[in-house]
Amino acid sequence: MNKQIKLKGKIVDVFKEDIYPGEITIQDGKILQIRPVSEAVDEVFIIPGLVDSHIHIESSMLSPQMFAHEAVKHGVVATVSDPHEIANVLGEEGINFMVENGEKVPFKFYFGVPSCVPATPFETSGSILGANIVEELINKKQHLYLAEMMNFPGVINEDPEVMKKIEAAKKAGKPIDGHAPGLRGKDAQKYIDAGISTDHECMDIEEARERISMGMKIQIREGSAAKNFHALYPLIYESPGQVMLCSDDKHPDDLIDSYLEVLIKTGLEKKINLFHMLRAATVNPVRHYNLNVGLLQEGDPADLAIVDDLTNFNVLKTYIDGNVVFGDDKSYIETSDIVPLNIMEATPIEPVDIEVEDKGLPVRVIEAMDSQLYTMSKELFPLSSKGVLISDTQKDILKVVVYNRYKNYPPSIGFIKNFNLKYGAIATSIAHDSHNIIAVGVEDESIVKAINQLINQKGGITIANGNEIFSLKLEIAGLMTHQSAEVVAKQYKRLTEIAQDLGCKFMSPFMTLSFMALPVIPELKITDRGLFDVQKFEYTGLFAYKNLK
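Scope of this entry: the structure provided in the associated data block.

As a further point, take the overall build of the protein chain. Secondary structure summary: the protein chain contains 16 helices and 29 strands in total. Taking 24 Å as the expected radius of gyration for a compact globule of 549 residues, we find that the protein chain reaches 24 Å, a close match to that expectation. Counting only C-alpha atoms and orienting by the principal axes, one finds that the protein chain spans roughly 85 × 50 × 45 Å. Taken across its 549 residues, the protein chain has 64% of its residues classed as buried. Taking all contacts inside the protein chain whose residues are at least 6 apart in sequence as the whole, residues at least 24 apart take part in 69%. Surface exposure of the protein chain reaches about 20300 Å², of which carbon and sulfur atoms provide 48%. The average position of the 55 basic charges and that of the 77 acidic charges among the side chains of the protein chain differ by 1 Å.

Right, here's the structure in full:
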């Protein structure tokens, strides 16, 4: 029998909505007893360990091991993780990598089966997970749920392939996550009635309230690119049993600075009930996904965090299965060496490959927005020089290029507004969801240099400005690295600063750029196959002929 551990402090009981001085006895990784005490205890508060209800670990740019090493510093003990990103690059092999890498540390990773690889048939990915493969994977015990069903038109129109995936999850008794931005009314109800139980894409509170009334649970997202907490937080006191907290995407610099504990602190500042706030980050995700994560009850796994007070919410210690994984400002998650997986079949290009003939017509321009995945569609006249269209820094209409990393296809070229670069170009192999290379820039020469550097280093993030090239190599699928969070965050922060020095005003330039190729979030996006009208769910031409009189 293992030695008992006893912890004393002010116990925060989310179920009884009570705070009292008590002592917790831990044995064999479980909570043996919780008892109130009359004597004085340390002025610390013991809470259930926090759970991120929806995240793509890949977006931290860290391997699962390195992510866990950092996450426990914030009182987070578990994540509900969608390996959708690496699956688009490497298929089942990529999913297996995430599961196996995560199993090497004591952190509680719960991986789902990606439902949309590729997200749509309108882009080229490195792999396809058909209904038969999804059915096989969903029946494995290491996969707890069917990950976000982004093909909401397929659900509404009862596409046989889509419905087969949904039925496989239902038959396995596993929850199904949603992803249907802007879907309302009868279409939303049909989507939910198909078995979709959650969504993290609600931008406004009326949309979220409607979905809750239809029986769906809402995941309030606060990530590096998309931030919806301030718009949706009233749901936490309106419908405390129907909401969860999630980050969706968390970049390494953000992960070092803060995680769910700061979101809880923000909620408390907005006068949200403490127990409702904690419930959204503990009880609700644990029960919805049937996670083997403790909730500070006798008999539970001893997964908990100790915080200094309920105002600052600074995490002092984190326990997983009764073991200290963070304490004294040190993470005790030990990492091991890995063999990275990757694919990069693209060949270098030249400036002539991204030239666009001037036809004297307006072009469809993607209008990006800071900290949002949505875009608008504009019809504007870019600058012309010597018979070709070029970036216009005065009007902030810049060239954007998507280049297939899996096959030797010509680059796809468009124009984008609001990146506001004055010089150079930025590029990344993180381009949701298929993760082809995407670049935006001023001079064609800089765009090409940034793209070619990515090809040479087999993925990551690059900036080219004249003869200068700056880069972060991501050796795992062109999405992640096994370097420490501190090292990656420092490099990533420096690249962000350089992009901003070149004129970009976005808070997260590379994250925002990465979503410009995602053809499931309105209005206008660009894939490796061309411009895509998300409203009509079809390709559209670069030139707007219809405006001619």
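Once you've had a look at it, read on.
With that settled, consider the packing of aromatic side chains. Scanning the entire structure with this criterion turns up 14 aromatic pairs. With 6.3 Å between their ring centres and 50° between their planes, phenylalanine 67 and phenylalanine 109 make a pair best called tilted. Of the two residues, phenylalanine 67 sits in helix H1 (residues 64-71) while phenylalanine 109 sits in strand E7 (residues 108-113), which places them 42 residues apart along the sequence. The same class applies to phenylalanine 67 as to phenylalanine 109, namely buried. Centroid distance tyrosine 492 to phenylalanine 510: 6.1 Å. Interplanar angle 55°. Geometry classified as tilted. Here phenylalanine 510 lies in helix H16 (residues 509-514) and tyrosine 492 lies in helix H15 (residues 485-501), a separation of 18 residues in the sequence. Residues tyrosine 492 and phenylalanine 510 agree in their burial class; the two are buried. An aromatic cluster of three or more residues is present, and its members are Phe67, Phe107, Phe109, Phe111 and Tyr259.

Sheet topology note: the strand E14 (residues 315-320)/strand E15 (residues 323-327) ladder contains four bridges and is antiparallel. When the bridges of E15 are listed, lysine 317 appears paired with glycine 327. The loop that links E14 with its antiparallel partner E15 comprises two residues; one of these, aspartate 321, has a positive phi angle of about 50°. Alignment of E15 against strand E16 (residues 330-331), held across two bridges, turns out to be antiparallel. Residue pairing for E16: phenylalanine 326 is matched across the bridge by serine 331. The antiparallel pairing of E15 with E16 creates a hairpin that spans two residues between the two strands, and aspartate 328 there sits at a positive phi of about 55°.

Looking now at the environment of glutamate 103. Looking at where glutamate 103 falls in the secondary structure, it is placed in the loop between helix H2 (84-102) and E7. C-alpha of glutamate 103 to C-alpha of glutamine 65: the two residues are 38 residues apart in sequence and 8.5 Å apart in space.

Quick look at H15 now. Over its 17 residues, H15 runs 24 Å from end to end, which matches the ideal 24 Å to within 8%, given 1.5 Å per residue. Taken together, the buried positions of H15 are Ala485, Val488, Ala489, Tyr492, Leu495, Thr496, Ile498 and Ala499. Those residues of H15 that are buried are in contact with H1, helix H10 (252-257), strand E23 (425-428), strand E25 (460-465), strand E26 (468-473) and H16. At the C-terminal side of H15, glycine 503 shows a positive phi close to 120°.

Below, the discussion takes up the packing of helix H3 (residues 131-138) against helix H5 (residues 160-172). Two elements in contact, H3 and H5, have axes separated by 9 Å at closest approach and are oriented at 10°. Our classification of the angle between H3 and H5 gives roughly parallel. Residues Ala131, Asn132, Val134, Glu135 and Ile138 of H3 pack against Glu161, Lys164, Lys165, Ala168, Ala169 and Ala172 of H5. Class assignment of the residues belonging to the contact of H3 with H5 gives a composition of six nonpolar, one polar and four charged.

With that settled, consider the sheet that holds E26. Reading across the sheet, the eight strands line up as E18-E17-E22-E21-E24-E23-E25-E26 and stay open at both edges, with mixed pairing between neighbours. A strand with exactly one partner marks an edge of an open sheet, and here the two such strands are strand E18 (375-380) and E26. The mean inter-strand angle of the sheet, taken between neighbouring strand axes irrespective of direction, is 25°. One ladder, built from five bridges, connects strand E21 (residues 397-403) with strand E24 (residues 437-441); its direction is antiparallel.

The set of residues buried in H3 consists of Ala131, Val134, Leu137 and Ile138. The arc enclosing the buried residues of H3, seen along the axis, measures out at 125°, which places them on a common side. The secondary structure elements touched by the buried residues of H3 are H2, E7, strand E8 (143-149) and H5.

How each quantity is defined
- Going along each chain's sequence as written, the residues are numbered from 1 onward.
- Totals for whole chains, interfaces and linings use all residues, but because this is a predicted model, local features are given only for residues with pLDDT of at least 70 and pairs of side-chain atoms are given and counted only at 80 or more.
- Each side-chain value is derived from all of the structure's non-hydrogen atoms; neither hydrogens nor water enter the calculation.
- Put simply, DSSP marks the helices as runs of H or I at least four residues long and the strands as runs of E at least two long, and each gets a number from the N terminus on.
- Values of the radius of gyration come from C-alpha atoms, whereas the globule rule sets the reference at 2.2 Å times the count of residues to the power 0.38.
- Each residue is assigned to one of three classes by its accessible area relative to the maximum for its type, calculated with a 1.4 Å probe on protein chains only: buried under 20%, partly exposed between the two thresholds, exposed over 50%.
- Any two residues whose heavy atoms approach within 4.5 Å are treated as being in contact.
- A 1.4 Å probe and the Shrake-Rupley method give the accessible areas. Residues count as covered only by the protein chains that appear here.
- Two residue types count as positive, namely Lys and Arg, and two as negative, namely Asp and Glu; His and chain ends fall outside the count.
- To locate a charge, the coordinates of NZ of Lys, CZ of Arg, CG of Asp or CD of Glu are taken.
- A pair of aromatic rings is counted whenever rings of Phe, Tyr or Trp (Trp by its six-membered ring) have centres within 6.5 Å, and the orientation is called stacked for planes under 30 degrees apart, edge-to-face for over 60 and tilted otherwise.
- Two strands qualify as a pair provided DSSP detects at least 2 bridges between them.
- One fewer than the residue count of a helix, multiplied by 1.5 Å, yields its expected span.
- Axis definition: a line fitted to C-alpha atoms, over the contacting stretch in the case of helices. Angles run 0 to 180 degrees between N-to-C directions.
- We call two directions roughly parallel when the angle between them is under 35 degrees, roughly antiparallel when it is over 145, roughly perpendicular when it lies between 65 and 115, and oblique otherwise.
- Residue polarity is assigned by list, with Asp, Glu, Lys and Arg as charged and Ala, Val, Leu, Ile, Met, Phe, Trp, Tyr, Cys and Pro as nonpolar; anything else, Gly included, falls into the polar class.
- Picture the helix axis, draw a direction to every C-beta atom, and the arc is the one those directions span.

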